[in-house]
Amino acid sequence: MRSYRFRKLEDLIMISLAYAALIIALIPLASILVETVSRGLPAMSFSLLFEEIPPLGQSGGGIGPAIQGTLIVVTLASIMGIPIGVFSGIYLAEFRQSRLASAARFLNDVLTNVPSIVLGIFGWAFVVVAIGWSVIAGAIALAIMMIPIVTRTTEEAIKLVPLTIREAAIALGVPQWKTTLTVVLSSAKKGIATGILLAVARISGETAPLLLTILGSRFWFSGFTQPTAAIPLAIFNFSQSPFRTVDLPRAWGASLILIFIVLVINIILRYSTREKYG
Amino acid sequence: MRYKIEIQSLSAWFGSKQVLQDITMRIKENVVTAIIGPSGCGKTTLIRCLNRMHELTPRAKVTGRVLLDGEDIYGENVDPVTVRRRIGMVFQKPNPFPMMSIYDNTVAGLKLNGVTDKKRLDEVVEKSLRAAHLWDEVKSELGKSGASLSGGQQQRLCIARALAIEPEVILMDEPTSALDPTAAAKIEQLIRILAENYTVVIVTHNMQQAARVSDFTAFLYLGKLVEYGSTKDIFENPKSELTEKYITGEFG
């Protein structure tokens, strides 16, 4: 009986350690959330959401163009990055044996780990130099950032689809490509959505590549080949401002809005890809 | 009675491992042919060669010919997709599409191939589910998930799904091995009825099942066809000593 009691004790210790680790992991998360909400909420106002960005230190105004700019740049990046990422992921999963797939998988993993500032330089060197600081340059840099994340998660999600499901469709005389695009993709959609979500959330908060590509602006969107504002840039600028009493609350307000946008995208995506028969 | 399928010198490999050696046999139309043999003897591979599913496995290889109504399904200009529409398959583990309703599962083959005519789909759903003896159990809940059914019902749903594309041949890979005896008995009855209109080839490791449902039986051992004949002959006077040993349970 001694050994049973010993095992119970061991069990208890392990569970306690796991809980302790969980709590330690949650502390920074919770404190970020609490801090952002408690400091950002007082700054929230109609004008913060809808007015143009004032010069540093000046009261009034808002971050309207930054919200608009982030939505535009992220949407444009998603339009470019998601299809490329999803189809690359399909390729890697469906042709896992091929040499091209192994090479692509390796490069993709490398790309995942490229620091975002490098992608900013890339966007600058290839797009900004040609057409100037612009929405397009920012969207391209962010799209390149999304691709490896979406590719990898799509590949993993497709690999998890049981072979039996795939074979069921093929045995019904459904061509292989159609099987992949219908049965397999719809079985994997939850996993793919998670990947897209991760990628969108990640690029929504990126600052470094945007600094080098869309530059930032205080005014409303004025064309895809023009510089534009973005929430992370606004947060950066306000937080660096010497006029702390005026600009710091704005930085917190902008942070809260950014978190809120990511949350809304999360909910929409979860809802639209939920399983019919959970 | 004519021959529906003629297998000529069929050999199959997984990589460098040969799993079927020079199989030659002819399968009659509108009867049930059972393929029996111990685990790993190549039963499943044999029927997967009949609808060109074997080649989907990476590094799998097939040689020889399989004639369906006299035409080689491995012929140069033959599209495996059309072969699979004529030769349906039911798998060992019931595998309805989990994200689809009973209705959608039944007509999945049609829908995925672009049939959208609602009236036609409705007709096919009823006809196929009736043919699979499932209609009365599910007619009031066609919108429910296919995965919500019991194992036996799921397998009959898979049979209905295979029937919906109007194949000529139905291959069944141990269709009752994942089911309880009652559900298995229902499937067996169904197989007898299906044989009136379809050519059925069933793989089974259950010799009693082969004896109950089949008209002809082929005994496979280590990738070779040891004996093939009427089920009665195979079970009552097997010609080969090996067959006799297997059906009397001396090994397997």
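### Thoughts on the sheet that holds strand E10 (residues 224-230) of chain B
All names here are of chain B.
Thinking step 1. Spatially, E6-E7-E8-E3-E9-E10 is the arrangement adopted by the six strands of the open sheet, whose pairing is mixed. Edge positions in the sheet fall to strand E6 (87-90) and E10, since each has one partner strand and no second. Recorded for the sheet is a direction-independent mean angle of 15° between the axes of neighbouring strands.
Thinking step 2. Here four bridges tie strand E3 (residues 32-36) to strand E8 (residues 199-203), and the two strands are oriented parallel to one another. Residue pairing across strands places Val32 opposite Val200, the latter belonging to E8.

### Quick notes on the pairing of E3(B)
On a regular strand, one side chain projects to one face of the sheet and the next to the other, so that they alternate.
Residue and element names in this part refer to chain B.
Thinking step 1. When you tally the buried positions in E3, you get five out of five residues, the bulk of the element.
Thinking step 2. Note: E3 against strand E9 (residues 216-221), four bridges, orientation parallel. Pairing of Ile36 across the sheet is with Phe219, part of E9.

### What about the pattern of salt bridges?
Thinking step 1. Summed over all chains, the structure comprises 27 salt bridges over all chains.
Thinking step 2. One salt bridge connects Lys4(B) with Asp69(B), and the closest N-O pair in it is separated by 3.0 Å. Taken together, the residues span a long stretch of sequence, with Lys4(B) in strand E1 (residues 3-14) and Asp69(B) in the loop between strand E4 (60-68) and strand E5 (71-72) at a distance of 65 residues.
Thinking step 3. Exposure remark for Asp69(B): the relative accessible area of 32% places this residue in the partly exposed category.
Thinking step 4. For the salt bridge of Asp136(B) with Lys139(B), the shortest nitrogen-to-oxygen distance reads 3.6 Å.
Thinking step 5. Linked through salt bridges whose partners overlap, the residues forming this network are Arg105(A), Asp109(A), Arg152(A), Glu155(A), Glu156(A) and Lys159(A).

### Details of the interface of chain B and chain A
Thinking step 1. With 27 residues of chain B at the contact, the number on the chain A side is 19 residues.
Thinking step 2. For the chain B face of the interface with chain A, the top three residues by lost area are Phe97(B), Met99(B) and Leu112(B), together amounting to 31%.
Thinking step 3. Between the two partners, chain B and chain A, sit one salt bridge.
Thinking step 4. With a closest N to O distance of 2.6 Å, Glu167(A) and Arg48(B) form a salt bridge.
Thinking step 5. Those elements that provide at least two residues to the side of chain B that touches chain A are helix H2 (80-86), E6, helix H4 (108-112) and helix H7 (151-164) of chain B.

### A short note on the domain arrangement of chain A
Residues and elements named next belong to chain A.
Thinking step 1. According to the domain assignment, chain A contains domain 1 (4-43) and domain 2 (46-277).
Thinking step 2. Using only C-alpha atoms to locate each centre, domain 1 and domain 2 end up separated by 29 Å.
Thinking step 3. In this complex, domain 1 contributes eight residues to the contact, which on the side of domain 2 involves seven residues.
Thinking step 4. Buried surface at the junction of domain 1 and domain 2, summed over both partners, amounts to about 660 Å²; 83% is from carbon and sulfur atoms.
Thinking step 5. If you sort the residues of domain 1 by the area they bury against domain 2, Thr36, Arg39 and Ala43 come out on top, with a joint share of 64%.
Thinking step 6. Counting across the interface, domain 1 meets domain 2 through zero salt bridges.
Thinking step 7. Summed over the shared surface of domain 1 and domain 2, the result is zero residue pairs in polar contact (both at pLDDT 80 or more).
Thinking step 8. In the side of domain 1 that touches domain 2, the residues fall into four nonpolar, two polar and two charged.

### Topic: the nonpolar core
Soluble, globular proteins show a tendency: their nonpolar side chains are buried together.
Thinking step 1. If you look at the biggest cluster of nonpolar residues, it comprises 86 residues, and the most contacted ones within it are Phe97(B), Leu129(B), Ile159(B), Met172(B) and Leu194(B).
Thinking step 2. If you tally residues by element for this core, the top one is helix H6 (residues 135-159) of chain A, at 11 residues.
Thinking step 3. The contact partners of Ile159(B), leaving out residues within four places of it in the chain, are Val90(B), Ala132(B), Met172(B), Ile187(B), Leu190(B) and Leu194(B).
Thinking step 4. Among the nonpolar cores identified, the runner-up in size contains 33 residues, and Ile170(A), Ile27(B), Cys41(B) and Phe91(B) belong to it.

Each value, and the rule that gives it
- Residues numbered from 1 in each chain as written.
- Chains lettered and ligands numbered in written order.
- Predicted model: local features only at pLDDT ≥ 70, side-chain atom pairs only at ≥ 80, totals over all residues.
- Heavy atoms only, no water.
- Pairing = 2+ DSSP bridges.
- Helix = DSSP H or I, 4+ residues; strand = E, 2+ residues; numbered from the N terminus.
- Axes fitted to C-alpha atoms, helices over the stretch in contact; angles between N-to-C directions.
- Buried < 20%, exposed > 50% of the residue type's maximum accessible area, 1.4 Å probe, protein only.
- Salt bridge = Lys/Arg side-chain N within 4 Å of Asp/Glu carboxyl O.
- Contact = heavy atoms within 4.5 Å.
- Buried area = accessible area lost by both parts, 1.4 Å probe.
- Domains from an automatic or database assignment.
- Polar contact = N/O pair within 3.5 Å; in protein donor to acceptor, adjacent residues only side chain to side chain.
- Nonpolar A, V, L, I, M, F, W, Y, C, P; charged D, E, K, R; others polar.
- Core = buried A, V, L, I, M, F, W, Y, C linked by side-chain atoms within 4.5 Å.

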